[in-house]
Amino acid sequence: MDFFRVPPRPERPLNVPKMPDWIHKPSGEIGVLLPHAAVIGRSNQALVALAGFHVYSQGVEIFLMLRTLSDVVLEDPTGFRELMRRRIDPINDSLPDTVFRFGVEFSDGRRATSLDMNWGGPDWQTKPPPSIHLGMTGGGGGATFDWQVWLWPLPPPGVLTFVCEYPQVGVALTRYEVEAAPILEAASQSIKLWEDAR
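Residues numbered from 1 in each chain as written. Predicted model: local features only at pLDDT ≥ 70, side-chain atom pairs only at ≥ 80, totals over all residues. Heavy atoms only, no water.

### Brief notes about the overall build of the protein
Of the regular secondary structure elements, the protein holds two helices and 11 strands. Starting at the N terminus and ending at the C terminus, the protein contains elements arranged as β-β-β-β-α-β-β-β-β-β-β-α-β. Counting the 198 residues in the protein, one finds 38% classified as buried. (Helix = DSSP H or I, 4+ residues; strand = E, 2+ residues; numbered from the N terminus. Buried < 20%, exposed > 50% of the residue type's maximum accessible area, 1.4 Å probe, protein only.)

Have a look at this one:
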């Protein structure tokens with residue numbers, strides 16, 4: 001009876017480090033939901049759509065949707081297999097049609113894409129990326145994929161451009177523009193839960 005003993009509980013650190021603002025939306029803030037529904041890319045097999053924004057004082061969470069016809073089988077929309085392949089064969093710089101691509105461009109010309117790997121080094125918690133960070137989380141299956149895309153920092157005034165492409169389902173390189181002013185206004189209304197919250 002005492003052969004299988006319950007293992008001791010691991011000690012947990014009391015001070016869990018906070019994720020920096022450039023990596024993830026802040027946990028110490030109530031962001032402002034900003035509706036914005038628009039199809040930003042389309043083919044006869046699929047469409048890519050914006051479903052709105054969750055705006056914080058330092059960045060924007062973008063709600064992104066991918067919908068396909070039910071008979072379309074997506075092989076690698078999140079790019080996970082491609083990421084693993086690149087780790088095994090880093091000199092192969094081709095990009096298969098099975099990988100969904102999303103990016104942003106600020107009015108000052110700065111760009112970031114879902115293919116960028118601009119964090120993860122030894123100092124990622126203390127040193128922000130040199131320009132823009134764009135991180136995608138989410139998932140789905142079948143004919144439905146949803147992503148939450150964290151964009152840091154806030155865009156400058158002017159036009160904010162979203163770019164998408166998904167060759168596997170015939171979505172060509174497409175650009176969609178929005179004005180940054182409503183996003184910047186919403187950012188000023190985000191509520192910090194504690195005085196020292198960042």
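Now that the structure has been shown, the text picks up again.
### With respect to a nonpolar patch on the surface
On the surface, a nonpolar cluster with roughly 410 Å² of combined accessible area is contributed by I30, I191, L193 and W194. In this structure, W194 sits in the segment after β11 (191–192). (Patch = residues over 30% accessible without salt bridge, like charges linked within 9 Å, V, L, I, M, F, W, Y side chains within 5 Å. Areas by Shrake-Rupley, 256 points an atom, 1.4 Å probe, with all protein chains shown as cover. Salt bridge = Lys/Arg side-chain N within 4 Å of Asp/Glu carboxyl O.)

### So, the sheet that holds strand β5 (residues 101–105)
In spatial order, the strands read β6-β5-β9-β10; together these four strands make up an open sheet with antiparallel pairing. Taken across any chain shown, the strands that pair with only one partner, and hence form the sheet edges, are β6 (111–113) and β10 (171–179). The sheet shows a mean angle of 15° between the axes of neighbouring strands, direction not considered. Here β5 pairs with β6 via three bridges, running antiparallel. Each residue of the ladder has a partner; that of V104, found in β6, is A112. (Pairing = 2+ DSSP bridges. Axes fitted to C-alpha atoms, helices over the stretch in contact; angles between N-to-C directions.)

### Observations regarding unusual backbone geometry
Following W152, the chain continues to P153 via a peptide bond in cis, the omega torsion being 0°. Take P153: it is sitting in the loop between β8 (144–152) and β9 (159–166).

### Considerations on the pattern of salt bridges
Within the structure shown, the criterion is met by six salt bridges. In this structure, the salt-bridge partner of E105 is R111, at a minimum N-O distance of 3.3 Å. Of the charged contacts, one joins R175 and E105 as a salt bridge, the two residues approaching to 2.7 Å between their closest N and O atoms. Of this pair, R175 sits in strand β10 while E105 sits in strand β5; the two residues are 70 residues apart in sequence, bridging distant segments of the chain. Since its relative accessible area comes to 48%, R175 is described here as partly exposed. Given the relative accessible area of 14%, E105 is considered buried. A network of salt bridges, in which partner residues are shared, links E105, R111 and R175.

### Considerations on the packing of aromatic side chains
For the coordinates displayed, the defined rule picks out seven aromatic pairs. Their ring planes at 70° and their centres at 5.8 Å tell us that Y56 and W150 sit as a pair that is edge-to-face. Of this pair, Y56 sits in the loop between β3 (46–55) and β4 (60–68) while W150 is found in strand β8, placing the two residues 94 residues apart along the sequence. Each member of the pair, Y56 as well as W150, carries the same accessibility label: buried. (Phe/Tyr/Trp six-rings, centres within 6.5 Å; stacked < 30°, edge-to-face > 60°.)

### Here's the deal with the pairing of β8
Examined bridge by bridge, β4 and β8 share eight bridges and lie antiparallel to one another. Each residue of the ladder has a partner; that of L66, found in β8, is F145. Across nine bridges, strand β7 (residues 133–141) lies against β8 in antiparallel orientation. Note on β8: the bridge partner recorded for G138 is W147.

### A word on the confidence of the model for the protein
On average, the protein scores 84 in pLDDT, and the residues at 70 or more come to 79%. In the model of the protein, helix α1 (residues 80–88) stands out as the element of lowest mean pLDDT, 60, in contrast to helix α2 (residues 181–187), which has the highest, 98. (pLDDT = per-residue confidence, 0-100.)

### Considerations on the nonpolar core
With 35 residues, the main nonpolar core has I62, L64, F102, V104 and F162 as its most contacted residues. No other element matches the five residues that β3 contributes to this core. Counting five residues, the second-largest nonpolar core is a separate cluster that includes W22, I23, Y56 and W150. (Core = buried A, V, L, I, M, F, W, Y, C linked by side-chain atoms within 4.5 Å.)

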